[in-house]
Amino acid sequence: MKVAQVIVDAALMQTDKPFSYAISKDLEEDVLLGSRVHVPFGAGNRLLQGFVVGFKEQIDSSQSLKKIAEVLDPDPVLNEEQLALANAMRKTVFSYKISILKSMLPSLLNSQYDKLFSVTDETPQDVVDSVFSGQASVRYSELTDTQKQLLTRLARQKKVALDYLAKDKKTVKTQKYYQVNSSILASLEISQRAKKRHALKEYLEMSPKGKLSDLREKYSRDVVGFFIEAQAITLSERLVNRADSYFETVEKTDFLTLNDEQQTIVEMVSAAIGKDSTPFLLEGVTGSGKTEVYLHIIDKVLKQGKTAIVLVPEISLTPQMTHRFISRFGKQVAIMHSGLSDGEKYDEWRKIKSGKARVVVGARSAIFSPLDNIGAIIIDEEHEGAYKSETTPRYHAREVAEKLAS
């Protein structure tokens, strides 16, 4: 039997030791290196989030192992480089490995947990009537403070059953689109008095596909619903990146011509891409064209089929700065900074993970972006104190960049 090595997100564990969990046959194809999983933990089999960091074959078949309960994502959330980076950081950063791994992910990929209390033969009848109200079970999150204390005490006395429910916080924004079924639309019988339906039919003949929200802005829900029920239009959902509208406001610009000194720098750095991880230190006063040099280097990186990370102090992540990268590289750019909502950060992370973004511009935590085949890491104003994390895990982005490069 194949066994997964899982680092568990358990408070006060104070260990980096992975735990062994058996993989059931129905999950064999889904449990991959870097996968996020829910596993039963402790005597109460509380479901906890964990990360698969390795595999081994079970040698002792008599040993009874708990099984992975579920896989939370269709694809692993951590790639092999990130797992290797966490191992390297663990030797120099005073932090548990689980904290390092969690810092590499958007906060929406951290699970929440709820408790489920269930009636047993030992449950007092007055509690069944007053708290459970005839139901077989109730969620902890739906109880009053008094009820929570009562059921927790009864659970300790084994008079109610207690299970843990784990749920995922991530939310994916979607947009509904419609597609006209021309043959059904043409044969659809509509009363002459239903003027709104006739108006929508004419609109659909002119616009056979588009956003459902556009229809509902012009016509009532009942009118649109008539065509949906008749299957004259079919609906589909597509994932939406909440930051897409930001990119639409930036116009494309051309590369500026470099002077001899700038051109020499670009050629030196470009020649080392993929061959040498020794860092270059670029010095120049404000206005000397460092950013234009960065843009030319990134262009060379992308032409080699590689990706790039640009770290900027949070205070420098102004629209003017981000516009310069977007105007050159368009939607290949992902922006990561503290001004984004949790949902927007998750969208940008998905964009990077899917390979749609090949250039990441962000504050220090952008160093953990899940890019593959990185060709260059640029740290602007690297002397700034903003690159040093004051919270766990405590790291300096420059040192992490050097480990990642090597």
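(A) Representation of the packing of aromatic side chains within the structure. Applying the stated rule across the entire model yields 7 aromatic pairs. On the numbers, 5.5 Å between centres and 85 degrees between planes, the contact of Phe19 with Phe41 is edge-to-face. Linking Phe19 in strand S2 (residues 19-22) with Phe41 in strand S3 (residues 36-41), this pair joins segments that are 22 residues apart in sequence. For Phe19, a relative accessible area of 24% corresponds to the partly exposed category. The side chain of Arg197 reaches across the aromatic face of Phe226, ending 3.9 Å from its centre.

(B) Up close: the sheet that holds S3. The sheet built from 5 strands is open, its strands ordered S2-S1-S4-S3-S5 with antiparallel pairing. Whereas interior strands pair on both sides, the edge strands pair on one side only; in this sheet they are S2 and strand S5 (70-71).

(C) Structural context of the confidence of the model for the protein chain. Averaged over all residues, the pLDDT of the protein chain equals 88, while 94% of them reach at least 70. Taken element by element, the protein chain is modelled with least confidence in helix H9 (residues 244-248), mean pLDDT 69, and with most confidence in strand S12 (residues 307-311), mean pLDDT 97.

(D) Region of interest: the side chain of Lys201. Looking at the element boundaries, Lys201 is found in helix H6 (residues 195-206). Buried within the structure, Lys201 lacks any salt-bridge partner; Glu205 is the closest side chain of opposite charge, at an N-O distance of 4.7 Å. Excluding anything up to four places from it in sequence, Lys201 contacts Leu185, Ala186, Leu188, Ile190 and Phe227.

Analysis parameters
- Counting of residues starts from 1 at the beginning of each chain's written sequence and follows it residue by residue.
- For this predicted model, a pLDDT threshold of at least 70 governs which residues receive local features, and a threshold of 80 or more governs which side-chain atom pairs are given and counted, while totals over whole chains, interfaces and linings are taken from all residues.
- Each side-chain value is worked out from all heavy atoms of the structure, with water and hydrogens disregarded.
- Note on aromatic pairs: the rings of Phe, Tyr and Trp (six-membered ring only in Trp) are paired at centre separations within 6.5 Å, and the planes decide the class, stacked below 30 degrees, edge-to-face beyond 60, tilted for the rest.
- We count a stretch as a helix when DSSP gives it H or I for four or more residues in a row; a strand needs E for two or more, and each element gets its number in order from the N terminus.
- Residue exposure (1.4 Å probe, protein chains only): buried if accessible area is under 20% of the type maximum, exposed if over 50%, otherwise partly exposed.
- In this scheme, the term charge over a ring applies when either NZ of a lysine or CZ of an arginine sits within 6 Å of the ring centre and within 35 degrees of the ring normal.
- At least two bridges found by DSSP between two strands are what make those strands a pair.
- For every residue, the predictor states its confidence as a pLDDT score lying anywhere from 0 to 100.
- Charged-residue counts in this description rest on Lys and Arg as positive and Asp and Glu as negative, His and the chain ends being excluded.
- Salt bridges are defined by distance alone: a side-chain nitrogen of Lys or Arg within 4 Å of a carboxyl oxygen of Asp or Glu.
- Throughout, a contact is declared for two residues whenever any of their heavy atoms are within 4.5 Å.

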